[in-house]
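Each chain is listed here by its residues.
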Amino acid sequence: MTHRRLLLLWLGLVLSISTAFGQQRTRLNDDWEFVRQDLGGVWEAVRPVVAGNPESVPLWQKVTLPHCFNARDAVDPDVNYYQGPGWYRTQLTVQNPYANGRTLLHFEGAGQKTEVYIYTTKVGRHVGGYDEWTVDITQAVADFQKTEAYKTQFKGKIPLSIRSDNSRDLEMIPSDLSDFNVYGGIYRYLNLVYVPTLSLERIAAKAEVDKAGKQGQLTIKATFFNPNQLAKAEINVRILDPRGKQVERYQAGVAVKAGKQELHAFRVKNPQLWSPDKPNLYTVQVTVKAGSDAYVQTEKVGFRHIEFVEKGPFLLNGKRLLLRGTHRHEDHAGVAAAMTEPMIRQEMRMMKEMGVNFIRLGHYQQSRIVLQLCDSLGITVWEEIPWCRGGLGGEVYQSQAKRMLTNMIEQHYNHPAVIIWGLGNENDWPGDFPEFDKEKIRTFMKELNALSHQLDASRYTAIRRCDFCKDIPDVYSPSIWAGWYRGIYTEYKEVTEKEFQGVKRFLHVEWGGDSHAGRHSENPDNALAKISRGQGADERSGDASLFGGSARVSKDGDWSESYLCNLVDWHLKEQETMPWLSGTAYWPFKDFSTPVRPDNPIPYMNQKGVIERDFTKKEAYYVFQSYWTTTPMAHIYGHSWPVRWGEAGEQKMVKVYSNCEQAELFVNGKSYGVKKRNSQDFPAAGLRWLVTFDNAGENTIKVVARQGKTVVQDEIRQRYQTAKWSKPAKLILEKTAEQNGLATVQVKLLDAHGVQCLDAVNWVSFSLSGDGQLLDDLGTSSGSRKVQVYNGRAVIRMKTNGGKSVVGVQSEGMATALLPL
């Protein structure tokens, strides 16, 4: 894709965000205070107080939005993450430009139960941490402006207080048994919105096209926001093509009704189709005028035809498209769920650059920004509600699930990227209730399936891993974890074919394995020798545990990036030979935090991502890129592997992941010959060489790859160790870098003779005393104070703050090491 086209896509996205709720819209990011506990009542947030008085307790901290009050403790190795209430407060300047207009607060997501107050008046409440919702504060603001407190205490501003609560609650979804944190806070954007007397609550723009792509229809329906019960309005509907040229227009007077009403249906001949390669987006602009005020809302839509063939592949616009997918959680180092728009943009761009054309958003409705990026980048979407694990609750629980399904479909209805509405995940997992009734779960699943089709008949429904419900949704994904939780990865195709035969429409989401970033292995497949073949590849109860049960790679493997690359490589090569396959989605794109994995090499982290929690790429990222992208690339395995080991003169394999036709490898300036790429020649599609390293110093490894006239290169340096080691006996701590007040510290594990133990997996714990600050609780291999070492070393960073500090590191059975800085 050209730079100019990308620029136009981003510009279009910015315009769509800025106009989606009219022209008068402001993100409330700054000037917030927060306290992570409950108050006795809202009065404690607004009462007059002088600093230092008893009434000033509890003490509030300054924060910016988005904000998650589990930003650090979600991966703190020593505590359970906080689940309870927290309060936010700020003061608004309200200046509505519309006579008789309305003033709204629009929440893009806050978790999990939220209450909203203007001064001491409760103006709104919402249950559910992932859907959008709006509170009309017009009357409460007007009432407060008549008080003495408005004039004297708050100096003409409006006090806004918000209580957010993520306490454990069995009558809420998602379940706290879920393999992800149920976060608290205002962790998506909050907006102050001014609208005139009559505006639009929602536009539903249904873009349809026949399989041949010749005849399109665009039906525009609207739900008015009409608190003053106006009877009539003028509407103007404009349709702009992907270049911004007006292609259709409709103008008329309408009688304003309650609920959804159709405005107009347009015929569009030979529409420019939306696809991953050409994500063409049309603009729908609706103007509503009542009296002298006009309200404008803009939406983006795309014309595309989707079909999951029964017992066959997925078709987009009449042609097979192999869905090459991954998954996303809203989670990031240092902020948890409170990802900013630039962070989200970077993550989605990295997915596209890896070759992704499909994403399953697990396991809840995600930010509108994500969906807009999927539209503009050309990434198809499975989005689902957070009915995840635990079983089935009662009436309150079920009402919430239906409400969240309704909100998700209505709020994301216009996005052409969405092809599947997900109804649930792992609903065969009991534990939240004394009763686990499969028939009741089936009945409720049928209700959700019917509701989804009622709200949107144009898209498919799906669930993952609930075999006793697999006949209910349109598309089903069984649990297949070949080479991780069960079986070996070479059984992947055989197991998949068997599962494919058992359902009407098959799509494989969730596969892969954990890898501890920076850990590499000379013999990564050793654990496979312990694994029983022919026992299936489905994840079963207890398989995620690192203790007990039958042999499995997830428990008995080395968690190296080397093994994960082999597993991914095999899966991708096999997927190219399965013409009936609709697609797959690797789980997940990025490492994320979870309360149910305290014993992982980074505590409380699911480490199956191909990038770390801070966007650092792991080696597996490039395996995907070598299969899924066309822009020439080449990557030598081992950029984060400084020391390899073996016998003197022993031949070692060097792998290159590339999408080029051929590549030539050089080691210390010597050519090891040209290899041609063949996707079915495992591993590394034939781009592998056996080489001899110089054990006297550092080895320079370089690859030159060619695709036609295009040449790409990559180079790394590795030391080769032939000295043998015994068990770790000593910790050596050293500073390896310092720049702009940021120091990097590394610990090495040596045996009694001073030889680095390159296969050590010991736990180490970092500490610091003095003026500096450890950059820990980030959930990354170099951002955790308690972590398993990778190849006999571990790294952490710290802010020096211009002063003196002492860094310490401990590991059981060895003397503590200290390093003054």
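So, a few notes on the structure that sits alongside this text. Keep in mind that what you see is a predicted model, and the values were worked out from it rather than measured. (Residues numbered from 1 in each chain as written. Predicted model: local features only at pLDDT ≥ 70, side-chain atom pairs only at ≥ 80, totals over all residues. Heavy atoms only, no water.)

Glancing now at the side chain of Arg89. By the element assignment, Arg89 lies in strand β4 (residues 85-92). Using a relative accessible area of 19% as the deciding quantity, one classes Arg89 as buried. There is a polar contact of 2.8 Å between the side chain of Arg89 and the side chain of Glu33. A distance of 3.0 Å separates the side chain of Arg89 from the backbone oxygen of Ala45, its partner in a polar contact. If we skip the residues at most four places from it in the chain, Arg89 touches Asp31, Trp32, Glu33, Glu44, Ala45, Trp60, Leu160 and Ser161. (Helix = DSSP H or I, 4+ residues; strand = E, 2+ residues; numbered from the N terminus. Buried < 20%, exposed > 50% of the residue type's maximum accessible area, 1.4 Å probe, protein only. Polar contact = N/O pair within 3.5 Å; in protein donor to acceptor, adjacent residues only side chain to side chain. Contact = heavy atoms within 4.5 Å.)

Counting 112 residues, the largest nonpolar core has Met348, Trp387, Val568, Val610 and Phe624 as its most contacted members. Residues in contact with Val610, not counting those within four places in the same chain, are Met354, Tyr586, Pro588, Phe589, Lys617, Lys618, Ala620, Tyr621 and Phe624. Membership of the second largest hydrophobic core comes to 40 residues, among which are Leu105, Phe107, Ile162 and Ile186. (Core = buried A, V, L, I, M, F, W, Y, C linked by side-chain atoms within 4.5 Å.)

Under the 1.5 Å per step criterion, the end-to-end length of helix α11 (residues 561-575) is 21 Å for 15 residues, consistent within 8% with the ideal 21 Å. Buried residues dominate α11, accounting for 15 of its 15 residues. (Expected span 1.5 Å × (residues − 1).)

Another point: the environment of Asp375. Among the structural elements, Asp375 can be located in helix α6 (residues 368-377). Residue classification places Asp375 among the buried residues on the basis of a relative accessible area of 2%. Along the backbone, Asp375 and Tyr295 are 80 residues apart, and their C-alpha atoms lie at a distance of 25 Å. If we ignore the near neighbours within four places in the chain, the residues touching Asp375 are Trp274, Pro279, Leu281, His415, Pro416 and Ala417. A distance of 2.5 Å separates a polar atom in the side chain of Asp375 from a polar atom in the side chain of His415.

We now examine the sheet that holds strand β2 (residues 32-35). Ordered by their spatial adjacency, 6 strands build an open sheet running β3-β2-β4-β9-β6-β7, and the pairing between neighbours is antiparallel. Bordering the open sheet on either side are β3 (61-63) and β7 (121-127), each of which pairs with just one other strand. The mean angle between the axes of side-by-side strands here comes to 25°, regardless of whether they run parallel or antiparallel. The pairing of β4 with strand β9 (residues 158-165) spans 8 bridges and is classified as antiparallel. By the bridge assignment for β9, Thr90 is matched with Leu160. (Pairing = 2+ DSSP bridges. Axes fitted to C-alpha atoms, helices over the stretch in contact; angles between N-to-C directions.)

What the rule picks out here adds up to 8 cavities of 30 Å³ or more. Computed from the structure, the largest cavity encloses a volume of approximately 130 Å³. Forming the walls of the largest cavity are 16 residues, and the residues nearest its centre are Asp179, Arg389, Glu426, Glu510 and Trp587. The class makeup of the residues in the lining of the largest cavity is 5 nonpolar, 4 polar and 7 charged. Space inside the second largest cavity adds up to approximately 100 Å³. Residue lining of the second largest cavity: Tyr130, Phe180, Asn181, Tyr183, Tyr187, His329, Glu330, Asp331, Ala337, Tyr364 and Ser593, and that is the complete set. Along the lines of polarity and charge, the residues of the lining of the second largest cavity split into 6 nonpolar, 3 polar and 2 charged. (1 Å grid on protein atoms, 1.4 Å probe; cavity = no way out; pocket = protein on both sides within 12 Å on 5 of 7 lines; lining within 4 Å. Points joined across faces, edges and corners; volume = space filled by probe spheres on them. Nonpolar A, V, L, I, M, F, W, Y, C, P; charged D, E, K, R; others polar.)

On inspection of all chains with the given rule, the structure shows 0 disulfides. A disulfide-free cysteine, Cys374 has its sulfur positioned 20 Å from the sulfur of Cys388, the nearest such atom. Judged by relative accessible area, Cys374 falls into the buried class, the value being 0%. Here Cys388 is not cross-linked by a disulfide; its sulfur's nearest cysteine counterpart is in Cys466, at 12 Å. In this structure Cys388 comes out as buried when scored by relative accessible area, which is 2%. (Disulfide = S-S within 2.5 Å.)

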